[in-house]
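Spelled out, the chains give:
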Amino acid sequence: MVPARARPGAGRAGPWAEPDLGHGRPRPALSEHEGTVADIATDLLDDCRRLTARINTLHARLRTLVRELAPGLLEIPGCGVLSAAAIIGETAGATRFKSKDAFARFNGTAPIPVWSSNKVRVRLNRGGNRRINHALHMIAITQIGRGHAGADYYAK
C-alpha cells in the first residue's frame, strides 16, 4: 500500500507537487523517493519523454515531405499531416487513376449497386484500400464536427 503522503493528488503540497513547469500541472518529484517503484516510474517517464521527442521529430519530417509532395492536402479542413501522408503513400500518385470514380473504387468509397429488386439501391463497399478509406473517414468526421464543407454535404 502506498502511504497517503506519497499518493498523487493527496494534496497540493508535499513530495508530489513541485512548482508549475509551464504545463499547468505539477510534476511528481520522483527523485525524492527511493525504491523499486520509484525507479520503474522514473524509467517509464524517461521512455515517455524520449518517445515523445522521437514522435515530434518524425512528425516534423512528415510535414516537410507532405508540403513538398502535395501541399494542397494540408489545406483541406480536417486533413492533418498523418492523414495526408497516408493518402500520399497509399495512392502512389493520383495521376494513375483515370477518373475520380476509379479513385473512389480504389479506396472503397464508391458504393456497390444491389440488384435484388427494381429499385436502385446501393450498399457500403467493404473493399478497397482501408488505410486511405480510414484517412478520408477521419477527414470527413472532422469536417462534420467543425462545420466545414463536409458538414453541409452530411446534412443533405
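Predicted model only: the values in this text are computed from it and were never measured.

Visitor: Just to check I follow, could you spell out the pattern of salt bridges for this structure?
Guide: Think of it this way: side chains of opposite charge can pair up when their charged atoms draw near. On inspection of all chains with the given rule, the structure shows three salt bridges. Between Asp47 and Arg50 there is a salt bridge, and its shortest N-O distance comes to 3.5 Å. Here Arg50 and Asp47 lie together in helix H1 (residues 36-69), a separation of three residues that amounts to about one turn. With a relative accessible area of 33%, Asp47 lands in the partly exposed category. Where Glu90 meets Arg131, a salt bridge forms, and the shortest distance between an N and an O atom there is 3.0 Å. Of the two residues, Glu90 is situated in helix H3 (residues 81-91) and Arg131 in helix H5 (residues 130-146); the sequence distance between them amounts to 41 residues. When its relative accessible area of 58% is taken as the criterion, Arg131 is described as exposed.

Visitor: Would you take a moment to explain the nonpolar core for this structure?
Guide: Note on soluble globular proteins: their nonpolar side chains tend to be buried together. One finds Val66, Ala70, Leu73, Cys79, Ala84, Ala85, Ile87, Ala135 and Ile139 forming the largest nonpolar core, which totals nine residues. Secondary-structure elements contributing two or more residues to this core are H3 and H5. Take this core: its biggest share by element is three residues, from H3. Among residues more than four places away in sequence, those in contact with Ala84 are Val66, Leu73, Leu74 and Cys79.

Visitor: Looking at this structure, how should I read the side chain of Ser83?
Guide: The topology assignment puts Ser83 in helix H3. The residues touching Ser83, leaving out its near neighbours within four places in the chain, are Ala135 and Ile139.

Visitor: Is there a simple way to think about the confidence of the model for the protein in this case?
Guide: The predicted structure's coordinates, where accompanied by low pLDDT, should not be read in detail. A residue-level look at the protein finds 80% of positions with pLDDT of 70 or above and a mean pLDDT of 79. Taken element by element, the protein is modelled with least confidence in helix H6 (residues 149-155), mean pLDDT 75, and with most confidence in H1, mean pLDDT 92. Here residues 1-21 scores under 50 on pLDDT; set against residues more than four positions off or in separate chains, the count is 26 contacts.

Visitor: Would you explain the packing of aromatic side chains in this entry?
Guide: The relation between two aromatic rings is expressed through the spacing of the ring centres and the mutual angle of the planes. Evaluated as defined, the whole model comprises two aromatic pairs. Here a set of aromatic residues connected by ring pairs shows up, and it is made of Phe97, Phe103 and Phe106. Here the basic side chain of Arg96 rests over the ring of Phe106, its NZ or CZ set 4.9 Å away from the ring centre.

Cut-off values and rules
Each chain has its residues counted from 1, following the order in which its sequence is written. Only residues with pLDDT of 70 or above have their local features reported here, since the model is predicted, and side-chain atom pairs are shown and tallied only from 80 upward, although totals for entire chains, interfaces and linings are computed over all residues. Only hydrogens and water are set aside; all other atoms, that is, all heavy atoms of the structure, feed into the side-chain values. When a carboxyl oxygen of Asp or Glu lies within 4 Å of a side-chain nitrogen of Lys or Arg, that pair is called a salt bridge. Secondary structure is summarised from DSSP: a helix means a run of H or I of at least four residues, a strand means a run of E of at least two, and numbering begins at the N terminus for each. The rule is simple: take the accessible area with a 1.4 Å probe, protein chains only, and divide by the maximum for that residue type; under 20% is buried, over 50% is exposed, in between is partly exposed. Only buried residues count toward a nonpolar core, which is a set of Ala, Val, Leu, Ile, Met, Phe, Trp, Tyr and Cys residues joined through side-chain atoms within 4.5 Å. Here a residue-residue contact requires only that any non-hydrogen atoms of the pair lie within 4.5 Å. On a scale of 0 to 100, pLDDT captures the predictor's confidence in every residue. Planes of paired rings set the category: under 30 degrees apart is stacked, over 60 is edge-to-face and the rest tilted, where pairs are Phe, Tyr or Trp rings (Trp by its six-membered ring) whose centres lie within 6.5 Å. Lysine NZ or arginine CZ positioned within 6 Å of the ring centre and within 35 degrees of the ring normal marks a charge as sitting over the ring.

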